[in-house]
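Examination of the molecular architecture
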Amino acid sequence: MSDTPDAEPITLRDQFGRGIEYLRISVTDRCNFRCVYCMPLEGLPWLPKQDILRYEEIVEVVRQLAPLGLRRLRLTGGEPTIRPQLASLVSMLRAVPGIEDIALSTNGVKLTELAGPLAQAGLDRVNISADSLQPDRVLSIARRDLGFDLIAAAQAATSAGLAPIKINVVVMRGINDDEVRDFAALTLDHPWHVRFIELMPVGDLRELTWDHVVPTHEILARIAELGVLSDDAGPSRGNGPARYYRLPSAAGTIGVITPMTHTYCESCNRVRLTADGRLRTCLFGDHEVSLREAVRSGAPLEPLFRKALAEKPLRHELLQMQVGGLRALSQVGG
Ligand code: SAM
Ligand code: SF4
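Residues numbered from 1 in each chain as written. Chains lettered and ligands numbered in written order. Predicted model: local features only at pLDDT ≥ 70, side-chain atom pairs only at ≥ 80, totals over all residues. Heavy atoms only, no water.

**Looking at the site of ligand 1**
As a matter of local geometry, ligand 1 sits amid 19 residues, with Y37, G78, E79, S129 and M200 nearest to it. Residue G78 places a main-chain N or O atom 3.0 Å away from a nitrogen atom belonging to ligand 1. One of the backbone nitrogen or oxygen atoms of M200 is found 2.7 Å away from a nitrogen atom of ligand 1. Its free accessible area being 540 Å², ligand 1 has 94% of it covered by the protein chains. Breaking the shell around ligand 1 down by element, the ones donating at least two residues are β3 (101-106), β5 (165-171) and α10 (329-332). (Near = heavy atom within 4 Å. Polar contact = N/O pair within 3.5 Å; in protein donor to acceptor, adjacent residues only side chain to side chain. Areas by Shrake-Rupley, 256 points an atom, 1.4 Å probe, with all protein chains shown as cover. Helix = DSSP H or I, 4+ residues; strand = E, 2+ residues; numbered from the N terminus.)

In structure tokens:
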């Protein structure tokens, strides 16, 4: 919830009284990677170009949500940095009154080139996804050889003034779980926030099963071999559903995100805008209302926001669902 004294109060609440202040905006469903847990090698049926919201249309949605209490934005996808002129979207969003925080989720491949222009356009911070520190493994998990180098990407973001820097690692048993300690050790010398995410069996995953899920207590036990973990408040901005810890004298923190063993639904303050203009009120299930026709015809969006929120579910049923029964995160702005 915003603590800025002169900010408009949150008036957009769902049927359970949860105030909505955070929007995740998917700017594209496409990606230059094919991560094993997210996208099939052959890609997905991409959205037709004419269905994708133009930047001006995305900004209009934000402009109409901001007076109702929207404060924080995250650009995501698919891979947001492959959409041309992303910095121009950032600068338009920066100009919307009431928006306090603009973040980006990226696989980091284009950060060395884009961190500077994005920061200049008004981007506040960045989350970089990285599932291995070993080049051959990056290749086998992301299944595209684009020369991704996490350290170079994070350093480019740091030099551009983007902060805090969060690094998201999806832990998969037998695939990269032996690197948990190496990732955690990055926080000893760097002021980065390395977050371990439990694999979610969503989309049409053929290679991964529930056996690949490594529960958080196991991840933390492995990290504790490096030193005693103390509870930590974590980065000052955008903590969301992560719990944070710190190794002794470490410059950065370690976070865990546990969609499989815990849910955060009770305090959920977020909604998602898909690349084709659907407002989704829950990551899972099909709770969504299309804004595209209204935004294109100039109709007011507030009645549609309220309709969507009236149907926001109390919690998702991920644990009850079967592998393959859900869409890939790249299609819903994960
Ligand atoms: N392409 C960007 C990236 O990778 O950061 C943004 C979109 S990606 C869908 C957003 C986040 O979802 C990434 O951190 C990715 O690791 C995570 N993700 C995707 N599929 C997942 C899955 N099946 N289980 C857990 N996390 C997943
Ligand atoms: Fe692309 Fe991100 Fe999905 Fe990987 S997790 S395939 S980088 S959208």
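And the narrative resumes.
**Observations regarding the sheet that holds strand β9 (residues 253-257)**
Across a sheet, strands are paired by hydrogen bonds formed along the backbone, either parallel or antiparallel in direction. Within the open sheet, the twelve strands sit side by side as β7-β8-β9-β6-β5-β4-β3-β2-β1-β10-β11-β12. Their pairing is mixed. Taken across any chain shown, the strands that pair with only one partner, and hence form the sheet edges, are β7 (230-232) and β12 (288-290). Neighbour to neighbour, the strand axes of the sheet diverge by 25° on average, direction disregarded. (Pairing = 2+ DSSP bridges. Axes fitted to C-alpha atoms, helices over the stretch in contact; angles between N-to-C directions.)

**Here we look at the confidence of the model for the protein**
Taken as a whole, the protein shows an average pLDDT of 88; of its residues, 86% reach a score of 70 or greater. This stretch, residues 1-5, has a pLDDT under 50; its non-local contacts, to residues over four places away or in other chains, come to eight contacts. (pLDDT = per-residue confidence, 0-100. Contact = heavy atoms within 4.5 Å.)

**Some remarks on the environment of T253**
Checked against the element boundaries, T253 lands in strand β9. Along the primary structure T253 and G234 are separated by 19 residues, whereas in three dimensions their C-alpha atoms are 6.4 Å apart. Those residues in contact with T253, other than ones at most four positions away along the chain, are T187, W192, H193, V194, D232, G234, P235, Y244, Y245 and R246. A polar side-chain atom of T253 sits 2.7 Å from a polar atom in the side chain of H193.

**Re the pattern of salt bridges**
Under the criterion given, the structure shown has 21 salt bridges. A salt bridge links E56 to R54; the nearest nitrogen and oxygen atoms lie 3.3 Å apart. On the accessibility criterion, E56 (44% relative accessible area) is partly exposed. The partner of E57 in a salt bridge is R296, and the shortest N-O contact between them spans 3.0 Å. With E57 in helix α1 (residues 55-65) and R296 in helix α8 (residues 292-297), this pair connects stretches of sequence that are 239 residues apart. With a relative accessible area of 7%, E57 lands in the buried category. Among the charged side chains, a network of salt bridges with common partners joins R54, E56, E57 and R296. (Salt bridge = Lys/Arg side-chain N within 4 Å of Asp/Glu carboxyl O. Buried < 20%, exposed > 50% of the residue type's maximum accessible area, 1.4 Å probe, protein only.)

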